[in-house]
Amino acid sequence: MKKIRIIVCAKQIPDPEAPLSDVSVDAENKEIVVDAPQVINPFDENALEAAIQLKEDTDAKITVLSMGKKVSDTVLRKTLAAGADELILLEDNAFEKLDSHSVACVLADAIRKIDKYDLVLTGRQAGDWDSGQVGLILGEMLSLPCISLARDIRIADGSVAVKKTHPEGYERVRARMPALVTVSNEVGELRYISRTRMLKMLRGAASISSWNSEDFDVACESLMKAEVVELLSPSDMGRDCRFIEGATADEQAEKLAAVFMELR
Amino acid sequence: MNEVLILGEVRAGSLDKHTLELLNIGKNLASDLDGGLFVVLIGDGLLAAAKEALSYGPDKVFKVEHALLNNFNADFWLESLEQAVKQINPKILLMSHSFIGMELGPRLACRLDTRLTTDCIDLSINPARGPGEDGLLLRTKPVSGGNAISVFKCQGVPQMATLRANVYKPAKTADSQGEIVDMAPEIDESIVRVESLEIVKEDVIALDKADVVIAGGAGLGDEDGFEILEDLTRVLNKSFNNVMIGCSRVAVDKGWISPDHQVGLTGTIISPDIYVAVGISGAIQHLVGMVQSKKIIAINPDSGCNMFKVADYGVVEDYETIIPLLAKKLEELS
Ligand SMILES: Cc1cc2nc3c(=O)[nH]c(=O)nc-3n(C[C@H](O)[C@H](O)[C@H](O)COP(=O)(O)OP(=O)(O)OC[C@H]3O[C@@H](n4cnc5c(N)ncnc54)[C@H](O)[C@@H]3O)c2cc1C
Ligand SMILES: Nc1ncnc2c1ncn2[C@@H]1O[C@H](COP(=O)(O)O)[C@@H](O)[C@H]1O
């Protein structure tokens, strides 16, 4: 059987699960300041996990694409440690703060250069701007069949079969490849990567290439930045918590039960 | 071409509640623009729903009907909606940030070469009279999970946004002088690229209907933790109506529970009378889904966790100790 080529789009973002105290809003510069390390967008890790599972069943090559003004290969090398074969970083000053449509443009141009592929996977949404658009726009730009919110992905006989989230349960769908699938968290967390493996991958030689706008045919003049008119802090969500104490757990439970009865 | 067009959704023959919310915000925007308010409905056999839509006072209701549009199929619906929007040519196009809107929005924006802002909580018009004023749609949206609120402005026609559910009040019925306009989409089987094989119905719960939600997270440790929570809901059911089980995303990721139970940004956003967070740390993406609850009770051995910051009552304790004891006490009291 022929080797399947899977492209996974992965975005590097400040840890979206950083504690609230490490996040602040710089209204002046319209920027969110996050005092936390950069990570791979969690849903993109789910997408990678789905790709690796496919690779376990079929002969597949996984290429990870990540785009930005500057992308850290130390963050993205985790994808190689997990089981991806190749990492392509799309880096250029022109790629800073683009709107979703323009991000998809750049990714589409890079994918056209890769040329031969069967499946493009993206996360359902990136946790920095929570836009949830790039995947489907990309699919449209590449004129691919688009499947969103996958919770299970299989391939057989040139088709991709997906269980996609549905308000009443799930829907079983199928499309000819090449196709685009956006991945939801139900496919499962990215597999555990041992420390030794991770360290080896951080130090060792790896298949990483870096493309700037001159390395592939990207229409930079048409790229647009997202225009933020205003950035505000959210309203305060804090409440005064009354801690229910007690000499024993039994006493605490009794007091808590009384709270429920009061609220009835 | 100063019209505001909203995509209405029909559920079991009548308008979806969130469509009424769109009608409300759409009416405000249309009046700011001195333009009309239009509704487009897609499906098959829509007359009753179109009449219902008309009762909220829009100027026109476009009825896009075709036998192939009977159930939601993204390929058919997208093509039909694209054709309709090109014909109607509105200034603003709004959809719910629903299952349908999340899929059609980005794809349609791409096809129309315009820009979409998703999951907005407010929309307004930047006036077109003074300097720096351009009549564009200002799109207010929580970003970074809810750590900030951003107001975006984008070029492109139509101006497109999807609206978060339950933020705007539903429209009230109004004088209806409007008309129903029939539209026949040109579609056939050949445009389908994603074939729907089967919709597998699961026993999904309507979490937004719950009065009390007992939610479990990673802190439960395993699937069996939800059984302990189930025992508690059984007892609470004697004193409260509609007690349901919720969860954090991690519980879904681990396969302990199905996704319809998930509360939060990519789950359901709810505001029950009582929300009990058990073993949930309080990440922002979870908090946005439940901070509007009337009373919040948190159970977590980590007294420093975020959940306590938004809670009214807290118990710093292992859930396996406290929940069974609580269920027993409640049993005695009820
Ligand atoms: C774009 C995006 C969208 C997201 N959408 C959602 C969403 O919709 N909903 C959602 O929930 N998350 C969402 N997340 C994930 C979110 O950021 C957090 O990862 C998640 O909410 C954490 O779940 P948790 O609190 O159960 O787990 P953890 O953060 O691991 O917390 C577990 C808690 O359990 C406590 N605990 C441990 N042992 C016990 C015990 N014996 N008894 C009681 N407590 C115990 C711990 O002290 C800890 O506080 C999203 C993330 C991103 C990036
Ligand atoms: N800069 C980027 N580089 C690689 N992939 C991206 C980038 N931005 C978005 N994506 C992909 O598109 C998905 C949706 O992103 P968004 O529309 O920004 O929420 C993400 O989960 C990624 O898979």
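Residues numbered from 1 in each chain as written. Chains lettered and ligands numbered in written order. Predicted model: local features only at pLDDT ≥ 70, side-chain atom pairs only at ≥ 80, totals over all residues. Heavy atoms only, no water.

*Asks:* Tell me about the site of ligand 1, and please be specific about residues and values.
*Replies:* Taken together, 30 residues form the shell around ligand 1, and within it A218, S248, S281, Q285 and N300 of chain B come nearest. Per-site note: the chains with residues close to ligand 1 are chains A and B. Between ligand 1 and the protein, one listed contact pairs an oxygen atom with a backbone N or O atom of R249 of chain B at 2.9 Å. In the model, a nitrogen atom of ligand 1 is placed 2.9 Å from a nitrogen or oxygen of the D318 of chain B side chain. (Near = heavy atom within 4 Å. Polar contact = N/O pair within 3.5 Å; in protein donor to acceptor, adjacent residues only side chain to side chain.)

*Asks:* I'd love a proper account of the site of ligand 2, names of residues and values included.
*Replies:* Residues and elements named next belong to chain A. Around ligand 2, the structure places 18 residues, and the nearest of them are C9, D44, A126, G132 and Q133. A distance of 2.4 Å separates an oxygen atom of ligand 2 from a polar side-chain atom of D44. The set of elements that each furnish at least two residues to the shell around ligand 2 consists of β6 (60–68), α3 (100–114) and β8 (119–123). Per-element accounting of the shell around ligand 2 gives the leading share, 3 residues, to β6. Grouping the amino acids of the shell around ligand 2 by side-chain chemistry returns 8 nonpolar, 8 polar and 2 charged. (Helix = DSSP H or I, 4+ residues; strand = E, 2+ residues; numbered from the N terminus. Nonpolar A, V, L, I, M, F, W, Y, C, P; charged D, E, K, R; others polar.)

*Asks:* For the sheet that holds strand β16 (residues 274–278) of chain B, give the residues involved together with the corresponding values.
*Replies:* The 6 strands are arranged β15(A)-β18(B)-β17(B)-β16(B)-β14(B)-β15(B) in an open sheet whose pairing can be described as parallel. The open sheet has two edge strands, β15 (242–243) of chain A together with β15 (243–247) of chain B, and neither has a second partner. Here strand β14 (residues 212–216) of chain B runs beside β15 of chain B; their pairing, made up of 5 bridges, is parallel. Each bridged residue has a counterpart across the sheet, and for I214 of chain B the counterpart in β15 of chain B is I245 of chain B. Contacts from helix α6 (residues 249–263) of chain A reach β15 of chain A together with β16, β17 (295–299) and β18 (313–315) of chain B within the one sheet, and its direction differs from that of β17 of chain B by about 165 degrees. (Pairing = 2+ DSSP bridges. Contact = heavy atoms within 4.5 Å. Axes fitted to C-alpha atoms, helices over the stretch in contact; angles between N-to-C directions.)

*Asks:* How would you summarise the interface of chain A and chain B if you had to cite specific residues and measurements?
*Replies:* Between chain A and chain B, the contact holds 81 residues from the first and 80 residues from the second. Here chain A packs against chain B, burying approximately 7500 Å² in sum over the two surfaces, 59% of which is carbon and sulfur. Our enumeration of links across chain A and chain B arrives at 14 salt bridges. Salt-bridge contacts for E254 of chain A lead to K329 of chain B; the nearest nitrogen and oxygen are separated by 3.6 Å. Along the contact surface separating chain A from chain B lie 34 residue pairs in polar contact (both at pLDDT 80 or more). With 12 residues, α6 of chain A is the single largest residue contributor to the side of chain A that touches chain B. (Buried area = accessible area lost by both parts, 1.4 Å probe. Salt bridge = Lys/Arg side-chain N within 4 Å of Asp/Glu carboxyl O.)

*Asks:* Explain the sheet that holds strand β12 (residues 179–183) of chain A to me, using residue names and the numbers behind them.
*Replies:* If you walk across this open sheet you meet the 10 strands as β13(A)-β7(A)-β6(A)-β1(A)-β8(A)-β12(A)-β9(A)-β10(A)-β11(A)-β13(B), and the pairing is mixed. Of all strands in the sheet, those with a lone pairing partner are β13 (208–211) of chain A together with β13 (194–201) of chain B, marking the two edges. Each strand axis lies, on average, 30 degrees off the axis of its neighbour in the sheet, ignoring direction. As paired strands, strand β9 (residues 146–156) of chain A and β12 of chain A are joined by 3 bridges and run parallel to one another. Bridge assignment links A150 of chain A to a residue of β12 of chain A, and that residue is V183 of chain A. The strands touched by helix α2 (residues 73–82) of chain A are β6, β7 (86–91) and β13 of chain A; relative to β7 of chain A, the strand with the most contacts, the crossing angle is about 150 degrees.

*Asks:* Give me the lowdown on empty space enclosed by the protein, citing residues and values where you can.
*Replies:* To find the voids left in a structure, one rolls a probe of water-molecule size over its atoms. In total, this model carries 1 cavity of 30 Å³ or more according to the counting rule given. Lining the largest cavity we find 15 residues, and of these K164, E171 and V173 of chain A together with A74 and V194 of chain B sit closest to its centre. Among the elements of the structure, β9 and β11 (169–176) of chain A together with α3 (74–88), α4 (99–111) and β13 of chain B are those that each provide at least two residues to the lining of the largest cavity. Residues that form the lining of the largest cavity fall into these classes: 7 nonpolar, 3 polar and 5 charged. (1 Å grid on protein atoms, 1.4 Å probe; cavity = no way out; pocket = protein on both sides within 12 Å on 5 of 7 lines; lining within 4 Å. Points joined across faces, edges and corners; volume = space filled by probe spheres on them.)

*Asks:* Give me a negative patch on the surface: which residues, what numbers.
*Replies:* Residues D222, E223, D224, E227, E230, D318 and E320 of chain B make up a contiguous surface patch of negative charge. Relative to the assigned elements, E230 of chain B resides in helix α5 (residues 225–236). (Patch = residues over 30% accessible without salt bridge, like charges linked within 9 Å, V, L, I, M, F, W, Y side chains within 5 Å. Areas by Shrake-Rupley, 256 points an atom, 1.4 Å probe, with all protein chains shown as cover. Lys, Arg positive; Asp, Glu negative; His and termini not counted. Charge placed at Lys NZ, Arg CZ, Asp CG, Glu CD.)

*Asks:* Explain the packing of aromatic side chains residue by residue, including any values.
*Replies:* All told, the structure shown has 8 aromatic pairs over all chains when counted by the stated rule. Each ring, one from F260 of chain A and one from F240 of chain B, has its centre 6.5 Å from the other, and the planes form 75 degrees; the classification is edge-to-face. Of this pair, F260 of chain A sits in helix α6 while F240 of chain B sits in the loop between α5 and β15, each in a different chain. Judged by its relative accessible area of 10%, F240 of chain B falls in the buried class. (Phe/Tyr/Trp six-rings, centres within 6.5 Å; stacked < 30°, edge-to-face > 60°. Buried < 20%, exposed > 50% of the residue type's maximum accessible area, 1.4 Å probe, protein only.)

*Asks:* I'd like a rundown of the nonpolar core, residues and numbers included.
*Replies:* Formed by 43 residues in total, the largest nonpolar core has its most connected members in L119, L121, I153 and V160 of chain A. The element best represented in this core is helix α1 (residues 42–57) of chain A, accounting for 6 residues. Sequence-distant contacts of I153 of chain A, defined by excluding residues within four places in its chain, comprise A50, L54, L119, L121, V160, A161, V162, V181 and V183 of chain A. The next biggest cluster of nonpolar side chains, apart from the first, holds 36 residues, and it includes I244 and A257 of chain A together with L232 and Y313 of chain B. (Core = buried A, V, L, I, M, F, W, Y, C linked by side-chain atoms within 4.5 Å.)

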